[in-house]
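What the coordinates show
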Amino acid sequence: MNPLSLLRAADDAASWERAGFRVNQSGVVIAGITIQLAGSDSGRGLTGWAFDGRPGGGSIDGIVVVAPPAVDPIAVVHPNGIIGIDHVVLMTGDVDRTLDALAVVGSEERRRRQVVLAEAPSLQVFCWSGGVIVEVVGPAEPTGGAASLWGVTLVADDLDATVEALGDLSSPARLAVQPGRRIASINRHSMGSSVRLAVMDPHRGGQSVTDERRSPTL
């Protein structure tokens, strides 16, 4: 398996600093995964990703593969209390096509389920990528549409403290669809980010990373 090691975001450093993240020359490092800040003039949202042991170049189902960090990222403590990445949401017009493409980095399908999104029958597939879940979401009947990285759900050591630290940038914490967990949305527009972001409680003992989700949680 080639674990996910980097996400490239079309954001400026100031937007992430505004939300209480420490930014270094690599970007924002969260539990060993780098969010590389490519600048707001480089596009919108998440524009690429990298995997350990795989050189940059080409794409995975149209999502650009960039070079992984040149050196191991240095652990960082973020003032907002964010300690990890729970899952990355990938939207696609053809779930099985995207899963076939993800096989080149060894992503392992853990579970798939049928859901209804925007009143349309859809599929939701959870793939393990070395400590992070890639949640692949698309129509039950393929449309052939392109794949794209849709957003990221983070993990807070203490969700209440993180919501307080984020202030007006966060919604109140609410129950998540995973039993025993809560979630809050981060207001990316007020933050100045183009990336859809949410933050959750940590996983608790005995809880699976593939517990049921009714829809993307961002």
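Residues numbered from 1 in each chain as written. Predicted model: local features only at pLDDT ≥ 70, side-chain atom pairs only at ≥ 80, totals over all residues. Heavy atoms only, no water.

1. Details of the nonpolar core
Core analysis: the biggest nonpolar cluster contains 47 residues, and Trp49, Val136 and Leu154 have the highest contact counts within it. In contact with valine 136, not counting residues within four places along its chain, are Leu90, Thr92, Val95, Thr98, Leu99, Leu102, Leu123, Gln124, Val125 and Cys127. (Core = buried A, V, L, I, M, F, W, Y, C linked by side-chain atoms within 4.5 Å. Buried < 20%, exposed > 50% of the residue type's maximum accessible area, 1.4 Å probe, protein only. Contact = heavy atoms within 4.5 Å.)

2. Considerations on the pairing of strand β11 (residues 148-156)
Within β11, seven of the nine residues are buried, leaving the element largely enclosed by the surrounding structure. Of the pairings in the sheet, the one linking strand β7 (residues 82-91) to β11 comprises eight bridges and is antiparallel in character. Within β11, the residue paired with valine 89 across the bridge is glycine 151. In this structure, β11 lies alongside strand β14 (residues 196-200), joined through five bridges in parallel fashion. If you follow valine 152 over to β14, its bridge partner there is leucine 197. (Helix = DSSP H or I, 4+ residues; strand = E, 2+ residues; numbered from the N terminus. Pairing = 2+ DSSP bridges.)

3. A word on the pattern of salt bridges
Counting across every chain of the model gives seven salt bridges. Taking the shortest distance from any N to any O, the salt bridge between aspartate 61 and arginine 97 comes out at 2.9 Å. Of this pair, aspartate 61 sits in the loop between β5 (59-60) and β6 (63-64) while arginine 97 is found in helix α2 (residues 95-102), placing the two residues 36 residues apart along the sequence. You can call arginine 97 partly exposed: its relative accessible area is 26%. (Salt bridge = Lys/Arg side-chain N within 4 Å of Asp/Glu carboxyl O.)

4. Section: the sheet that holds strand β3 (residues 33-37)
Across the sheet, which stays open at both edges, the four strands sit in the order β2-β3-β1-β4 with mixed pairing between neighbours. Each end of this open sheet is capped by a strand with a single partner; those strands are β2 (28-30) and β4 (46-51). In this sheet, neighbouring strand axes are inclined to one another by 20 degrees on average, regardless of whether the strands run parallel or antiparallel. The pairing of strand β1 (residues 4-9) with β4 spans five bridges and is antiparallel. By the bridge assignment for β4, leucine 6 is matched with alanine 50. (Axes fitted to C-alpha atoms, helices over the stretch in contact; angles between N-to-C directions.)

5. Considerations on the pairing of strand β10 (residues 133-139)
Of all seven residues in β10, six are buried; the element is thus mostly enclosed. Across five bridges, β7 lies against β10 in parallel orientation. Its bridge partner lying in β10, leucine 90 is registered against valine 136. Alignment of strand β9 (residues 120-128) against β10, held across seven bridges, turns out to be antiparallel. Counterpart to cysteine 127 in the pairing with β10 is valine 134. Connecting β9 to the next strand, β10, in antiparallel fashion are four residues, including glycine 130 with a positive phi near 65 degrees.

Keep in mind that these numbers describe shape and distance, not what the molecule does.
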